[in-house]
Amino acid sequence: MKTYEIVVCALFAALMAIGANVSPFLTIGGVPVTLQLMFAILAGGLLGSRLGSFSMMAYVCIGLAGAPVFAQFKGGPASILSPTFGFVLSFIAVAYATGKLLSEPSKKAAYLYTGAVVILLNYVIGTHYMYAAFRWWAEAPQGFSYAVAWSWMAAYLPLDLAVIALSLASVPKIRLALSKRSVYIIKE
């Protein structure tokens, strides 16, 4: 890995930490609203699949090592037991898929397809992890079921779709701005 690549990966890991805690007191149903999905998409779209996913892995490792970088300034190995940790893991897949799918940035259909894949990855990984957590080790609310787990996601869907649309719309504009300033853009 080149020095520049290490620096931009560290930058996106730091942006994830900021995005996790930009609104620490804004919650829906006890789950904090964050900008992590946006930074995962931007990492994949700007750094490519390899470095984008690497930066998300670095973020996860920093948090598991104990730094309070997860939502609501949480961190440490016990974070794995949180029902929402699956969403944190999904950011690795989101960055990787975004980088792969946007490697041909001139195709507008790729952005729509990428948006659909991103929401599916984020929700499928996160919701399944949440369901498993509530079934096996976390205290589940009364009447909890697989259908209930998915119904909880309805509250977040409009916000997540807006974040995905804005993030994906920003990728080509940021790429263009960086290229005009002769900033090294990472190619896969």
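Look up a bit, the structure's there.
Let me sum up the structure you'll find in this document. (Residues numbered from 1 in each chain as written. Predicted model: local features only at pLDDT ≥ 70, side-chain atom pairs only at ≥ 80, totals over all residues. Heavy atoms only, no water.)

## Some words on the pattern of salt bridges
Tallied over the entire structure, the rule returns one salt bridge. Residue glutamate 5 pairs with arginine 50 through a salt bridge whose shortest N-O separation is 3.5 Å. Separated by 45 residues along the polypeptide, glutamate 5 in helix H1 (residues 3–20) and arginine 50 in helix H2 (residues 36–64) bring together distant segments of the chain. (Salt bridge = Lys/Arg side-chain N within 4 Å of Asp/Glu carboxyl O. Helix = DSSP H or I, 4+ residues; strand = E, 2+ residues; numbered from the N terminus.)

## Side note on the nonpolar core
Among the nonpolar cores identified, the biggest contains 45 residues, and Phe12, Leu37, Ile41, Met56, Tyr59 and Ile164 are the most heavily contacted of them. If one sorts the elements of this core by residue count, H2 sits on top with 12 residues. Non-local contacts of phenylalanine 12, meaning those with residues more than four positions away in its chain, are made with Phe39, Leu42, Ala43, Leu46, Leu47, Ser55 and Met56. (Core = buried A, V, L, I, M, F, W, Y, C linked by side-chain atoms within 4.5 Å. Buried < 20%, exposed > 50% of the residue type's maximum accessible area, 1.4 Å probe, protein only. Contact = heavy atoms within 4.5 Å.)

## Points about the environment of lysine 107
Assignment of secondary structure puts lysine 107 in the loop between helix H3 (85–101) and helix H4 (108–136). Taking the C-alpha atoms as reference points, lysine 107 and leucine 47, separated by 60 residues in sequence, lie 18 Å from one another.

## Brief notes about the packing of H2 against H3
Two packed helices can be described by the angle between their axes and the distance between those axes. Between H2 and H3, whose axes approach to 8 Å, the crossing angle comes to 150 degrees. Accordingly, the angle class assigned to the pair H2 and H3 is roughly antiparallel. Here H2 and H3 pass one another in a crossing that is left-handed. Looking at the contact of H2 with H3 residue by residue, the classes come out as 16 nonpolar, nine polar and one charged. (Axes fitted to C-alpha atoms, helices over the stretch in contact; angles between N-to-C directions. Parallel < 35°, antiparallel > 145°, perpendicular 65-115°, else oblique. Left-handed = near helix turned anticlockwise from the far one by under 90°. Nonpolar A, V, L, I, M, F, W, Y, C, P; charged D, E, K, R; others polar.)

## Section: the packing of aromatic side chains
Tallied over the entire structure, the rule returns 10 aromatic pairs. For the pair tyrosine 59 and phenylalanine 70, a centre-to-centre distance of 5.5 Å together with 80 degrees between the ring planes defines the contact as edge-to-face. You can see tyrosine 59 sitting in helix H2 and its partner phenylalanine 70 sitting in the loop between H2 and H3, a full 11 residues away along the chain. Like phenylalanine 70, tyrosine 59 is buried. Measuring from centroid to centroid gives 6.5 Å for tyrosine 146 and tryptophan 150, while their planes differ by 70 degrees, and the two rings are edge-to-face. Pair noted here: tyrosine 146 and tryptophan 150 are both in helix H5 (residues 146–152), with a separation of four residues, about one helical turn. Judged by relative accessible area, which is 35%, tyrosine 146 ranks as partly exposed. Members of the aromatic cluster, connected to one another through ring pairs, are Tyr131, Phe134, Phe144, Tyr146, Trp150 and Trp152. (Phe/Tyr/Trp six-rings, centres within 6.5 Å; stacked < 30°, edge-to-face > 60°.)

## A short note on the environment of methionine 1
Mapped onto the elements, methionine 1 comes out in the segment before H1. The exposed category is assigned to methionine 1, whose relative accessible area is 51%. Setting aside residues up to four positions removed in sequence, methionine 1 forms contacts with Ile6, Cys9, Arg50, Leu51 and Phe54.

This is a description of form; function is not addressed.
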